[in-house]
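# Architecture at a glance
Spelled out, the chains give:
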Amino acid sequence: MEGRVHSIETFGLVDGPGVRCVVFLQGCHMRCRYCHNPETWRMDGGEQMTAQELFVKVYRYRNYWKKKGGLTVSGGEPLLQMEFVTELFALAKQHQVHTALDTSGNPFSLEEDYLRRFDTLMDVTDLFLLDIKAVDASLHQSLTGQKNENILAMAHYLADHGKDLWIRHVLVPGLTDSGEDLAALRDLAKSLPTLRRLEVLPYHALGRFKWENLGIPYSLDGVPAPTEEEVKRAEQILGIADFPEINESRAN
């Protein structure tokens, strides 16, 4: 099984617990207006390698991981290469490596054949990091060009199957920060019994130069990063202190 790998970050601190080796895969069907990796959209980019070759490459950084770290696969959209990720994570579990999948959930389907393959991936995945762009369907469509019914279904499917879950939400002033939209996300979060963390990720335009290099119009020109006060307001509406990993980290 070969996959297309965009890049590898050997010392990641935000994509899962502890120190992570983060693998970014190539290919994504979403067109998020604030995407900071538009070069990962194309399905035919990146470097081709087998799961075994990739695991050998990342496992040499295991001394950084200690007890809480491990391997995270992100993108692009890793679920577009689901069998490749499954094989990679199976190798990781053979070596007692913690595995996390960072996904938008866009390819998820409730069709029987898809679920059969997805269940195999779930078996070797310790943690899912689900990026929820918006709960409202029309807002999600305008932000990403894609529907979100299947993404919300994936969140419930993971919780129903006892999988640990983080939800992450990019806070864009004037787009994803209304009280109504944040309350909808809060209600979703509270309906997921295995949700361990709810994170607000402040929007930034640091990847804008990539859009320019690719000749893609950037529609958020002039949109500022949220202020510290705006981030705190969003966190209060979301009630993120109600989730166990956040309470645990603050207690320590």
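Preceding block: the structure.
Residues numbered from 1 in each chain as written. Predicted model: local features only at pLDDT ≥ 70, side-chain atom pairs only at ≥ 80, totals over all residues. Heavy atoms only, no water.

The full count for this structure, using the stated rule, is 16 salt bridges. Where R117 meets D113, a salt bridge forms, and the shortest distance between an N and an O atom there is 3.5 Å. Taken together, the residues R117 and D113, both in helix α3 (residues 112-123) and four residues apart, mark about one turn of the helix. The exposure class assigned to R117 is partly exposed, which follows from its relative accessible area of 25%. Of the charged contacts, one joins D131 and R168 as a salt bridge, the two residues approaching to 3.6 Å between their closest N and O atoms. (Salt bridge = Lys/Arg side-chain N within 4 Å of Asp/Glu carboxyl O. Helix = DSSP H or I, 4+ residues; strand = E, 2+ residues; numbered from the N terminus. Buried < 20%, exposed > 50% of the residue type's maximum accessible area, 1.4 Å probe, protein only.)

It is worth spelling out a nonpolar patch on the surface at this point. Judged by side-chain polarity, F11, L13, V14 and Y64 come together as a nonpolar surface patch covering roughly 430 Å² of accessible area. Relative to the assigned elements, L13 resides in the loop between β1 (2-12) and β2 (20-25). You can call L13 exposed: its relative accessible area is 56%. (Patch = residues over 30% accessible without salt bridge, like charges linked within 9 Å, V, L, I, M, F, W, Y side chains within 5 Å. Areas by Shrake-Rupley, 256 points an atom, 1.4 Å probe, with all protein chains shown as cover.)

This model, assessed by the stated rule, comprises zero disulfides. Sulfur of C28: no disulfide; nearest cysteine sulfur belongs to C32 and is 6.4 Å away. Given a relative accessible area of 10%, C28 falls into the buried group. C32 takes part in no disulfide bond, and the closest cysteine sulfur to it belongs to C35, at a distance of 6.2 Å. On the basis of relative accessible area, C32 is assigned to the buried category, the value being 9%. (Disulfide = S-S within 2.5 Å.)

Looking at the element boundaries, L25 is found in strand β2. Of the residues examined, L25 reaches a relative accessible area of 1% and is grouped as buried. With residues near it in sequence (within four places) discarded, L25 still touches R4, V5, H6, T40, V73, S74, G75, G76, P78, Q81, F84 and V85. (Contact = heavy atoms within 4.5 Å.)

What follows covers the pairing of strand β6 (residues 127-131). Where burial is concerned, most of β6 is hidden: five out of the five residues are buried. Of the two faces of β6, the one lined by L127, L129 and D131 and the one lined by F128 and L130 are each fully buried. Pairing of strand β5 (residues 98-103) with β6 involves four bridges; the strand directions are parallel. Directly across from D102, in β6, lies its bridge partner L129. Considered for its hand, the β-α-β crossover made up of β5, α3 and β6 is right-handed. As paired elements, β6 and strand β7 (residues 164-171) share five bridges and run parallel to each other. (Pairing = 2+ DSSP bridges. Right-handed = clockwise from strand over helix to strand, strands pointing away.)

The subject of this paragraph is the nonpolar core. Counting residues in each nonpolar core, the largest one holds 55 residues, and the members touching the most others are F89, F118 and I167. Residue contacts for F89: discarding those within four places in its chain leaves L71, V73, T99, A100, L101, L121, V124 and T125. With 15 residues, the next largest nonpolar core counts Y34, W41, L143 and L220 among its residues. (Core = buried A, V, L, I, M, F, W, Y, C linked by side-chain atoms within 4.5 Å.)

A separate point is the packing of α3 against helix α5 (residues 149-160). At a minimum axis separation of 12 Å, α3 and α5 run at an interaxial angle of 55°. Judged by the inter-axis angle, α3 sits oblique to α5. Between α3 and α5 the crossing geometry is right-handed. Here L115, F118, D119 and M122 of α3 come into contact with α5, specifically with M154, Y157 and L158. A per-class count over the contact of α3 with α5 returns six nonpolar, no polar and one charged. (Axes fitted to C-alpha atoms, helices over the stretch in contact; angles between N-to-C directions. Parallel < 35°, antiparallel > 145°, perpendicular 65-115°, else oblique. Left-handed = near helix turned anticlockwise from the far one by under 90°. Nonpolar A, V, L, I, M, F, W, Y, C, P; charged D, E, K, R; others polar.)

You can see L54 is positioned in helix α1 (residues 51-59). The buried category is assigned to L54, whose relative accessible area is 0%. The spacing of L54 and D119 is 65 residues in sequence and 22 Å in space, taken between C-alpha atoms. What L54 contacts, discounting residues up to four positions off in sequence, is V5, I8, V23, M49, F84 and L88.

Further remarks concern the side chain of H140. Following the sequence through the fold, H140 ends up in helix α4 (residues 137-144). Here H140 falls in the buried class, since its relative accessible area comes to 1%. Once residues within four sequence positions are removed from consideration, H140 is found in contact with M30, K133, A134, G145, Q146, K147, N148 and I151.

On their own, these measurements won't tell you what the molecule is for.
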